[in-house]
Structures are given as structure tokens and as C-alpha cells.
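Examining the three-dimensional arrangement
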Amino acid sequence: MGFKLIAQVFANALARKQGEGVLQERLRFEALLSNLSARFVNMPPERVESEIEDGLKQVLEFFQVDRCALLRILSDKTSWQITHIAASDDVPPVSVRVELPRSIFPWAYEKLVEKHEVMSISRLDDLPAEANVDRQTCIEMGIRSYVNIPILIGEFVDFIHVSSVKRERVWPEEFFPRLRLLGEIFVNALQRKHAEETSRESERVLRQNESDLRKLAGRLIHAQEEERSRLARELHDDLAQRLTVFAIDVGRIEQRLMDSPALVREELREMQNSIVRISQDVHSLSRQLHPSILDDLGLIKAAESECTRFSRREGIEVVFKHENIPRVIPKEVSLPLYRMIQEGLTNISKHACAEHITVSLKGFDHDVLLSVQDDGIGFDWTEVKENPGLGFSSMRERARLIHGELSIHSQPEKGTVITLRVPLAREGE
């Protein structure tokens with residue numbers, strides 16, 4: 001019986017390790033998505049091309065493919081062009097800006113351009129008989145597996161392509177929505193660049209593209225929150241329960257081995273304590289990913305809890321104040337406010353060297369005013385705002401999505417004050 005319990009312990013440990021691998025992979029994708037989406041917000045047109053090339057390299061490395069490219073169907077509808085590409089060092093190069101006639105990929109052309117279908121090929125043998133020309137072209141280009149996803153934004157038909165040259169690949173279902181989101185980031189950046197360079201044609205076109213970019217940013221942030229929510233549920237409902245079972249199993253083994261040497265019992269007890277600590281860390285990470293307290297108890301309790309946890313973790317005094325805040329705040333407002341508090345506290349812990357922090361929420365008529373103030377080393381905002389980091393870019397985009405007014409004031413050695421005024425209801429609603 002003891003051996004069966006030990007086997008179960010190791011099986012649970014293996015399952016936990018696999019679950020942690022999936023979690024780490026999802027968190028890596030979330031970081032990649034956040035980094036790329038923030039990078040292209042308000043980027044000067046002259047930097048877009050080089051930044052897309054670098055972004056494609058990151059996508060290539062993340063998905064471990066051999067080629068990653070953006071292609072565009074040309075206006076004559078008879079050819080397409082590779083506009084940007086990244087490839088592994090040991091893969092034969094492919095020229096960019098060269099027109100590729102429709103005739104070399106006729107089957108793929110119909111799927112992508114005329115039917116707007118996602119194409120996923122794991123083995124060239126899976127191609128139908130009518131795709132013989134496509135199969136021969138793939139062989140000549142060394143492609144063994146590939147995915148093409150159309151990106152339909154603006155007047156052009158673009159698509160993002162990834163392929164494997166060294167081996168055949170099976171493409172999992174979660175691969176496609178992720179690749180589409182990344183493709184939309186790049187294509188939107190190109191659309192905005194095109195609009196800015198040709199703004200003399202129509203100011204209306206420029207405004208529309210900026211609106212599209214804001215909508216995309218909203219979709220990305222929404223997708224990010226949905227991914228965080230899913231991860232939090234999986235951590236709480238799956239991994240945390242497995243850890244609990246693991247701890248119980250270890251406790252049972254300890255009871256069955258009461259006659260064993262003291263050293264063995266001590267090691268089992270320490271193992272059980274370690275599992276409990278890991279379980280607590282899992283619960284903490286789950287709360288950070290998606291604050292269920294925000295849904296259950298509201299913004300005030302969630303913000304107060306976050307400030308308390310931050311103060312205990314970082315050893316920095318945090319005073320939380322609130323005044324005249326409505327009992328019920330729409331989630332589309334409360335969640336961004338909560339994330340702004342999180343982001344503000346994170347920035348302080350990383351850069352400010354502060355000893356005291358004040359976080360306040362005040363209600364004014366139909367508005368809510370958030371303030372995060374520290375007594376840290378501060379910085380020159382006139383320099384930072386020209387090239388803000390990911391934290392400030394994320395704050396600015398969240399504020400824009402909820403029609404808020406974000407203000408940041410800081411001076412060297414005089415601390416920093418971040419304020420955000422948010423309407424609870426838009427005019428006319």
C-alpha cells in the first residue's frame with residue numbers, strides 16, 4: 001500500500017510539473033503580446049518596418065518555427081509579395097519585395113484571398129490532389145509544414161505565415177488565435193504607417209485608422225484579461241486542488257511511516273510544508289491574474305487588499321484612502337482602475353526607491369479620481385514621455401479605453417504622482 005501511495009505522489013508531482021509548463025508557456029505568450037502591442041502604440045512611421053522585422057523574430061523564436069513572414073496580395077489580384085520575413089540562421093533565405101505570381105500557389109490563393117480561410121498543413125501529403133502545384137512549390141522552397149492566416153484590415157488582404165523546414169509540425173488549435181492576434185498587431189502598425197505617410201489624401205482616413213488601432217488595443221487588452229481569467233481559474237480549480245491532494249498523500253505516507261527514522265519523517269514533514277507554501281503561492285498568483293475579490297466585494301475591498309499585500313511583500317508603507325465612491329461601479333471601469341493601481345505599485349517597487357505610498361480613490365459627481373503618489377527618487381517626465389516604457393504605455397492605453405484623463409507629474413528627488421479621472425457614464429448615455 002505504501003508503494004502505491006508513493007507512486008501516486010510521484011504521479012501527482014509529474015502532473016504538477018506538466019501543469020506548470022503549460023502555465024509558463026501561457027504567461028510567456030501574454031508577455032509577448034503585451035510587449036508587442038505596447039511597442040507599436042504611437043510609434044513613429046520611420047520605425048515601423050524595422051520593429052516589425054524584430055517582432056517577427058520574436059514570434060519565430062516563441063513558436064519555434066523556421067520562417068515567419070507577412071505577405072500582401074497586390075492590387076492587381078494576380079500576385080502577392082513577401083513584405084517582411086524572419087528566418088532561422090540555418091534556413092535558406094527568401095527574398096522580400098519580390099512579386100510571387102498567383103500561379104505558383106493557386107490552391108492557397110483561392111483559400112486565402114477568395115474564401116478568407118485559415119490554412120493549416122502538417123504534412124505535404126495532406127494536400128488534396130488539386131493542390132499539386134502548391135505541393136511542388138513547397139518542395140522547391142523546402143517547406144514541410146505551414147500555417148497561413150488572413151488578416152483582413154483596411155483595403156489590403158494581408159496574411160501571416162509560419163512554416164517548418166527542418167521537420168513536420170502538428171499545429172495545435174490554440175496556435176491559430178494567438179498567431180492571428182500577433183498578425184493583427186503588425187498589420188495594424190503597417191496600416192497606420194501607410195495612413196500617416198499618405199495623410200494628405202484624406203484626414204478622415206487617418207482618423208479611421210487611429211480608431212481601428214484603439215479598437216485593436218481594446219481587443220488585445222480584453223483578450224489579455226480573458227487569458228488571465230482562464231489561467232486564474234485553472235490555477236485555482238486544477239493546480240491548487242492537485243497540490244492539496246499531493247499534500248494529503250504526503251501526510252498519509254508520514255502517518256504510515258511513524259516507525260521510520262526521524263530523518264525520514266522530518267523530510268516528509270518538510271515536503272508537506274513546501275507543498276503548502278507552493279499552494280499559497282499559486283493562490284497568490286491566481287489573485288494577481290484575476291482578482292475574484294473585485295467581482296465579489298467591489299473595487300474598494302480589492303484595492304485595499306492589493307495595497308495590503310504589496311506593503312507586506314515589499315516592506316513599503318502604503319496608505320489607502322477612499323471617499324464618496326459608489327457602492328457599485330461597472331466592471332469595465334473598476335477592472336482598469338484596479339489594474340492601474342497594480343501597475344502604479346509595480347513601477348514604484350521597481351524604480352522609485354520609495355518609503356511611503358498613498359493610494360486614494362475619490363468620487364466627484366459622475367467621475368472617479370484615482371491617485372497613486374510616492375516619495376521616491378522621481379524622474380524627468382519630459383524625457384520619459386517621449387519614449388515611455390511598457391508600464392506607462394499600458395496605463396495610457398487603459399485610460400484611453402475608458403475615456404479617462406491620465407496625468408503623471410514627477411521631478412528628480414521629489415517623487416511621482418499619477419492621477420486618473422474616469423467618467424462613470426459617458427455623455428449622452
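Model, not experiment: these values are computed from the prediction.

Some remarks on the sheet that holds strand S8 (residues 356–364)
Spatially, five strands are ordered S7-S8-S9-S11-S10 in an open sheet, and the strand pairing comes out mixed. Edge positions in the sheet fall to strand S7 (317–323) and strand S10 (405–410), since each has one partner strand and no second. With strand direction ignored, the average angle separating the axes of adjacent strands in the sheet is 10°. Sheet analysis places S7 next to S8, joined by seven bridges and oriented parallel. Its bridge partner being in S8, Val-319 is matched across the sheet by Thr-358. On top of the sheet, helix H9 (residues 299–314) reaches S7 and S8; it is set at about 170° to S7, its chief contact. Where helix H10 (residues 331–352) meets the sheet, it contacts S8, strand S9 (367–374), S10 and strand S11 (416–423), and its direction lies at approximately 10° from that of S9.

Re the pattern of salt bridges
All told, the structure shown has 16 salt bridges when counted by the stated rule. Close ionic contact of Arg-309 with Glu-306 constitutes a salt bridge, the shortest N to O distance being 2.8 Å. Pair noted here: Arg-309 and Glu-306 are both in helix H9, with a separation of three residues, about one helical turn. Glu-306 carries the same exposure label as Arg-309, and that label is buried. A salt bridge links Arg-313 to Glu-314; the nearest nitrogen and oxygen atoms lie 3.3 Å apart.

Remarks on the side chain of Asn-148
Structurally, Asn-148 can be placed in strand S5 (residues 145–151). Reaching out from Asn-148, the side chain makes a polar contact with the side chain of His-161 at a distance of 2.7 Å.

Details of the nonpolar core
Formed by 36 residues in total, the largest nonpolar core has its most connected members in Leu-337, Ile-357, Val-359, Leu-361, Leu-370 and Leu-420. Counting only elements with at least two residues in this core, the list comes to H9, S7, H10, S8, S9, helix H12 (390–401) and S11. Ranked by the residues each element gives to this core, the list is headed by H10, at nine residues. Leave out the neighbours within four places in its chain, and Leu-361 touches Leu-299, Ile-300, Ala-303, Phe-320, Lys-321, His-322, Glu-323, Ile-325, Val-368, Leu-369 and Leu-370. Among the nonpolar cores identified, the runner-up in size contains 34 residues, and Phe-29, Leu-181, Leu-182 and Phe-186 belong to it.

Considering helix H5 (residues 175–197)
With 23 residues, H5 ought to run about 33 Å at 1.5 Å a step, and its terminal C-alpha atoms sit 33 Å apart, in line with that. Counting buried residues in H5 gives 18 out of 23 residues, a clear majority hidden from the surface.

Some words on unusual backbone geometry
Generally, phi is negative for residues other than glycine and the peptide bonds are trans, each holding for most cases. We note that His-116 has phi near 55°; this positive angle belongs to a residue other than glycine. Positionally, His-116 belongs in the loop between helix H3 (106–114) and strand S4 (119–121). Although it is not a glycine, His-403 sits at a positive phi angle of roughly 60°. Its location among the elements puts His-403 in the loop between H12 and S10. Relative accessible area serves as the criterion here: at 40%, His-403 is assigned to the partly exposed category.

Remarks on the pairing of S5
Along S5, seven of the seven residues are buried, which leaves the element largely enclosed by surrounding structure. The two faces of S5 match: Ser-145, Val-147, Ile-149 and Ile-151 on one face and Tyr-146, Asn-148 and Pro-150 on the other face are all buried. The sheet contact formed by S4 and S5 spans three bridges and is antiparallel. Paired with Ser-120 across the strands is Val-147, a residue of S5. Where S5 lies against strand S6 (residues 157–164), seven bridges are found, and the strand directions are antiparallel.

Cut-offs used in this document
- Residues numbered from 1 in each chain as written.
- Predicted model: local features only at pLDDT ≥ 70, side-chain atom pairs only at ≥ 80, totals over all residues.
- Heavy atoms only, no water.
- Pairing = 2+ DSSP bridges.
- Helix = DSSP H or I, 4+ residues; strand = E, 2+ residues; numbered from the N terminus.
- Axes fitted to C-alpha atoms, helices over the stretch in contact; angles between N-to-C directions.
- Contact = heavy atoms within 4.5 Å.
- Salt bridge = Lys/Arg side-chain N within 4 Å of Asp/Glu carboxyl O.
- Buried < 20%, exposed > 50% of the residue type's maximum accessible area, 1.4 Å probe, protein only.
- Polar contact = N/O pair within 3.5 Å; in protein donor to acceptor, adjacent residues only side chain to side chain.
- Core = buried A, V, L, I, M, F, W, Y, C linked by side-chain atoms within 4.5 Å.
- Expected span 1.5 Å × (residues − 1).

Note that all results are geometric; they support no functional claim without further evidence.
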